[in-house]
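Coordinates in review
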Amino acid sequence: MGLVADCGTETTVRAEEVCGPSPARQGVLTMLPMLVGYMPFALVIGSAAADEGARFAGWAGSWIVFGGSAQLAAIRTIDQAGAVAAIFTALLIHARLVVYSSSLARSWTGQPRWFRVGAAALIIDPTWAVADRHASSCTDPRAQRRFFLGAALTLGTGWSIAMAVGVLLGARVESVDLQIAVPLCLMAIVGSGLRTGDGRAVIVVAAVTAFLTAGWPSGTGLLAAVAAGCAVGVAHDRRTPR
Amino acid sequence: MTWIVILAVGLGSYVFRVGPQLLFERTSLSAGGDRMIRHAGTAALTALARGGSSLRLLACGAGVYALSTIVMGLFAG
């Protein structure tokens, strides 16, 4: 562990007890079930890219964009509204990444710069969720680093392979409605938040706002739901003594 | 055209991702700010989960949630 040289064996043993003996393996195993949920979504995006006649660009987006909803919105908007609208729509959907990265920045204060700059490229909904949860129980920077890389590279590799398969299969994938898997996977991630009062308030308000703003232009409803959920969470925190 | 869009979205997304890492390198968020960011993250995940067909989601959501929680527990445990 990272603390061997600085603090001696006793601290190392303590870090292992809290963080587990193999954080990278733990990260891989934590991400695998989520990857199963995300693979159908990657197939759909690969298929959409093949339909647009941009097989390689579509597949390359699996690593370059590293975000399914934004990539799919971009691919589907190019023909309808042009490149500028596609870029704007995708970036609006990805604005939430600022929130995820800000949240992880606090946990990563002890991390070297190369990791913060490199690992930032792999921040997305599931990697944020598992890294945030892991950081709350394990404070050893090296263990956090290995856990994140194990989880994020597992997601990235599986995501990229599934998208390549979607590109090769093309329109055959579109006939099967596989996108249902992603919302279900996200529900599993946020489900643990229902245990606390503030978590329940945030989830209920964000869900209701998301439903009410479903007809809004791409990405704006998402931001409205984030703002509403956030406001209710802050109000709940102020009312509840800690 | 698709290449330009993918590269532009990738670049913009990376700015969103790396910006806070560089911004909070020397300064840190207050406890209240950190809680607010956490609420925003949970709200974002919830809003994204709204996608797909609502009726089918409600019909099989509970079962799949239970199943995926068990699977995640088995793998992570």
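Above this note sits the structure.
Below: a short report on this structure. Keep in mind it's a predicted model, so treat the numbers as computed, not measured.

1. Considerations on the pattern of salt bridges
Where charged atoms from two side chains of opposite charge approach closely, those side chains can pair. Residues and elements named next belong to chain A. Applying the stated criterion across every chain yields a total of 1 salt bridge over all chains. We note a salt bridge from Asp125 to Arg96, for which the minimum N-O separation is 2.8 Å. With a gap of 29 residues between them, Asp125 in helix α9 (residues 125-137) and Arg96 in the loop between α6 (83-93) and α7 (97-107) connect regions that are remote in the sequence. Side by side, Asp125 and Arg96 carry an identical accessibility label, which is buried.

2. Observations concerning the interface of chain B and chain A
Counting from both sides, the interface comprises 55 residues of chain B and, opposite them, 74 residues of chain A. Across the chain B to chain A interface the summed buried area is about 5900 Å²; carbon plus sulfur atoms make up 74%. Our count for the contact surface shared by chain B and chain A stands at 0 salt bridges. Across the contact surface, chain B and chain A share 9 residue pairs in polar contact (both at pLDDT 80 or more). Those elements that place two or more of their residues in the side of chain B that touches chain A are α1 (2-23), α2 (31-49) and α3 (54-76) of chain B. In terms of residue class, the side of chain B that touches chain A is built from 32 nonpolar, 16 polar and 7 charged.

3. Focus: a nonpolar patch on the surface
A contiguous nonpolar surface patch, about 330 Å² in accessible area, is contributed by Phe56(A), Trp3(B) and Leu7(B). By the element assignment, Trp3(B) lies in helix α1. In this structure Trp3(B) comes out as partly exposed when scored by relative accessible area, which is 37%.

4. Quick notes on the environment of Arg38(B)
Its place among the elements puts Arg38(B) in helix α2. Judged by its relative accessible area of 28%, Arg38(B) is partly exposed. Those residues in contact with Arg38(B) that lie beyond four places of it in its chain are Trp128(A) and Asp132(A).

5. What about the packing of aromatic side chains?
Summed over the entire model, instances satisfying the criterion amount to 10 aromatic pairs over all chains. Ring geometry for Phe56(A) versus Trp3(B): centroids 5.7 Å apart, planes at 55°, classification tilted. Taken together, the residues Phe56(A) in helix α4 (residues 55-64) and Trp3(B) in helix α1 connect one chain to another. Looking at Phe56(A), the relative accessible area reads 54%, which means it is exposed. Taking 5.0 Å as the distance between ring centres and 80° as the angle between the ring planes, the aromatic pair formed by Trp108(A) and Phe148(A) counts as edge-to-face. Remark: Phe148(A) occurs in helix α10 (residues 141-169) and Trp108(A) occurs in the loop between α7 and α8 (113-119); sequence separation between them is 40 residues. Per residue, the accessibility class of Trp108(A) equals that of Phe148(A), and both read buried.

Rules behind the numbers
Residues numbered from 1 in each chain as written. Chains lettered and ligands numbered in written order. Predicted model: local features only at pLDDT ≥ 70, side-chain atom pairs only at ≥ 80, totals over all residues. Heavy atoms only, no water. Salt bridge = Lys/Arg side-chain N within 4 Å of Asp/Glu carboxyl O. Helix = DSSP H or I, 4+ residues; strand = E, 2+ residues; numbered from the N terminus. Buried < 20%, exposed > 50% of the residue type's maximum accessible area, 1.4 Å probe, protein only. Contact = heavy atoms within 4.5 Å. Buried area = accessible area lost by both parts, 1.4 Å probe. Polar contact = N/O pair within 3.5 Å; in protein donor to acceptor, adjacent residues only side chain to side chain. Nonpolar A, V, L, I, M, F, W, Y, C, P; charged D, E, K, R; others polar. Patch = residues over 30% accessible without salt bridge, like charges linked within 9 Å, V, L, I, M, F, W, Y side chains within 5 Å. Areas by Shrake-Rupley, 256 points an atom, 1.4 Å probe, with all protein chains shown as cover. Phe/Tyr/Trp six-rings, centres within 6.5 Å; stacked < 30°, edge-to-face > 60°.

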